[in-house]
Amino acid sequence: MNRWRARVRSALQVWRHHRVQAVLAVLGVVAGVSGLVTVVAIGEGARREFNAAIGLMGGGTLVVRSSGAALPMERVAAVKRIFGRDLNQVVPVASAQTTAQSGSARVDGVRIVETARDYLAAQRLDIYDGRFISWYDQEYESRVCVLGWELGRQLFPRGGAVGQQVRLGDRVFLVVGWLAPMQRPDIELGAMELPELDQVAYVPLATDGLATSRASLDELILRFDDEADMIRASGAVQRILEYDAEGTTFEYVVPVEMLRQKFHLQTVVGLLLMGTTAVMLVVGGIGIMNTMLMTVLRRRPEIGLRMAFGARRRDIIEQFVTESALVAAFGGVMGLVVGAVIAQVVGWQLGWPVAIGLTAGLSGLLAALAVGVLAGAYPAIQAAAVQPIRTLNHG
Amino acid sequence: MIRTAGLQKAYRQAEREVRVLEGLDLEIRRGEFVAIMGSSGAGKSTLLQLLGCLDVPDAGEYWLDDREVSKLGPDNLAEVRNRSIGFVFQSAHFVDYLDLVDNVALPAEYGPSTDVDQHRARAIELLQRVGLGHRLDHRPSELSGGERQRAAVARAMFARPRLILADEPTGNLDEENTRQLVELFADLHEEGITILLVTHDSDVAAIADRCYRLRGGRLENLAA
Ligand SMILES: Nc1ncnc2c1ncn2[C@@H]1O[C@H](COP(=O)(O)OP(=O)(O)OP(=O)(O)O)[C@@H](O)[C@H]1O
Ligand SMILES: [Mg+2]
């Protein structure tokens, strides 16, 4: 440990003495590392947002949407029967828009979602107060409702919504729950419906519901354990739902796929940049190797002198590899700074999420160190082959 | 301290062979001060390189402190150079990016101890002793020829070797600087350090206990 501290100290002194050479030697590494940091920051940013969005809606989610004709309820039951084991949830959804009223408070354009108990888990909603729709509510088509955060605040500005009554359209419901504000990903989730601004009321799916009859739905959310299960099942689901349906086909939305589409450009750009970055790192390594070879040539007397005072071949190799690694690490740090700036500008200009964190920093530094060690190895071996008697005698 | 028997060394260069040492015998006892003279090209530096473990002989035996050095591998030779021998070269080489203190402490980089503060303290003490206490943080290139040679002596003494090999240390110096350096060697001799000094200058050789001339690949005794 101490020996390496001495090596690093000595290497620092070398490069402090030859600053211009050090800077020229590492230009390539700076370019390579800044490219790498940019790539990783873009990739990492995309990955994090992707994961956040997936976490919110579940990777195994399949949304079936009616376009025109409603989804027949008995087919939904068939899907449930067949995939019961793989399927986490089947959530029927019907929706409508109406007016909500409580006392003197009145809100227009409220989205009414007629759904079942599992909707809460399927959409990862959180309860703020009270409870969500229960089995009992579903069975008996209770006249109860759960308010979205925003709607609850609009109707009951002083709070205490649970236990009150609201009028939705021409019917009166008992408020049994109030949802917390929704955690929303920054990105547009496409066709995956997220209730707008929490201005929504959830009611049990009813035979004579506000939206549709209980015999049909306009949306069905199927949640499988994971994406693979969902892909495997999707063909069969389609056949069951559309069996003998004439002309009426449904829309199948795979939210994960939509997300992937959204990050497609980032992926392609990342791959292209990765290739360029690799080339730049190799060029950077050649730059360092070149400088190191010149250094070794110029410092033959020093090498001979060190040998005369007890340096072994291995000491000389370690010395020059350390110098090379150190100057490369210095280039790596400069590359980190430049790369962080580039990534920020790219993210800001293109509106891409970027994540300049540990992953980007570490990969940049490690790449620089690896380049330094590799580029320094050959010159160091050359240095260790110096014959002290030839360099010390006359000169 | 030193004993060689039948030491041979030749340089081969493009089919031509230069035979430098041809069966050289030498014995130096602990604490002796021995001077070697000889014309240019006689092989004085070659002999010093062999004795200093910087090169290996083609044939012959070399014993240093009861160890047969001619049988040691490269790493062990490096250790001998580090612990047992101090070099002073004709043209004092230094590491140009280190200050004088670090240059004098250079052997410590390859020694067993890792106490940097202690190394620097010893280097400073040695530099003060050779009259360079006011040049501690200077670069070697900022020193005069005489100062450089005195710094080189300080460096050779750093690891407390019992043997110092000096190859024409006064070759490039004026009278005053030569005198200072010779006094330094005389002091070291007083302290019991074994010294082998190569020189062209018979005045310098005069302070030695014994004096040899290297000629025809062998040593001839000269009256001291
Ligand atoms: N590395 C080498 N390769 C080939 N020949 C060499 C080498 N080193 C020395 N020689 C030759 O060996 C002979 C002895 O050289 P050496 O340097 O030992 O002489 P020297 O007595 O020290 O001379 P000087 O007083 O000029 O320093 C010379 O003829 C020299 O040309
Ligand atoms: Mg010589």
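Given the structure is predicted, the values throughout are model-derived calculations rather than measurements. (Residues numbered from 1 in each chain as written. Chains lettered and ligands numbered in written order. Predicted model: local features only at pLDDT ≥ 70, side-chain atom pairs only at ≥ 80, totals over all residues. Heavy atoms only, no water.)

Visitor: Hey, could you run me through the overall build of chain B in this one?
Guide: Each helix and strand counted, chain B has 7 helices and 10 strands in total. Against the 2.2 N^0.38 benchmark of 17 Å for 224 residues, chain B shows a C-alpha radius of gyration of 17 Å, consistent with a compact globule. Dimensions of chain B along its principal axes, counting C-alpha atoms only, are 45 × 40 × 40 Å. Among the 224 residues that make up chain B, the fraction classed as buried is 54%. Sequence separation of 24 or more characterises 71% of the internal contacts of chain B that already satisfy a separation of 6 or more. Working note: accessible area of chain B is about 10,000 Å², and carbon and sulfur atoms make up 43% of it. (Helix = DSSP H or I, 4+ residues; strand = E, 2+ residues; numbered from the N terminus. Rg over C-alpha atoms; globule rule 2.2 N^0.38 Å. Buried < 20%, exposed > 50% of the residue type's maximum accessible area, 1.4 Å probe, protein only. Contact = heavy atoms within 4.5 Å. Areas by Shrake-Rupley, 256 points an atom, 1.4 Å probe, with all protein chains shown as cover.)

Visitor: Would you mind showing me how to read the sheet that holds strand E5 (residues 67-68) of chain B here?
Guide: Pairing between sheet strands relies on hydrogen bonds along the backbone, with the strands arranged either parallel or antiparallel. Residue and element names in this part refer to chain B. Spatial strand order, E2-E1-E4-E5: 4 strands in an open sheet with antiparallel pairing. The sheet is open, and its two borders are formed by strand E2 (16-28) and E5, each paired with just one other strand. Across 10 bridges, the pairing between strand E1 (residues 2-13) and E2 is antiparallel. Bridged to isoleucine 2 within E2 is isoleucine 28. Packed onto the sheet, helix H1 (residues 44-51) meets E1, E2 and strand E4 (59-64) and runs at close to 120 degrees relative to E1. (Pairing = 2+ DSSP bridges. Axes fitted to C-alpha atoms, helices over the stretch in contact; angles between N-to-C directions.)

Visitor: What is the right way to look at helix H7 (residues 227-242) of chain A in this model?
Guide: Side chains of residues three or four places apart in an α-helix project in the same direction, reflecting 3.6 residues per turn. All names here are of chain A. An ideal rise of 1.5 Å per residue puts 22 Å on 16 residues; H7 measures up with 22 Å between its terminal C-alpha atoms. The set of residues buried in H7 consists of Asp229, Met230, Ala233, Val237, Ile240, Leu241 and Glu242. Elements in contact with the buried residues of H7: strand E1 (61-65), strand E2 (71-72), helix H3 (73-83), strand E11 (219-224) and strand E12 (251-253). (Expected span 1.5 Å × (residues − 1).)

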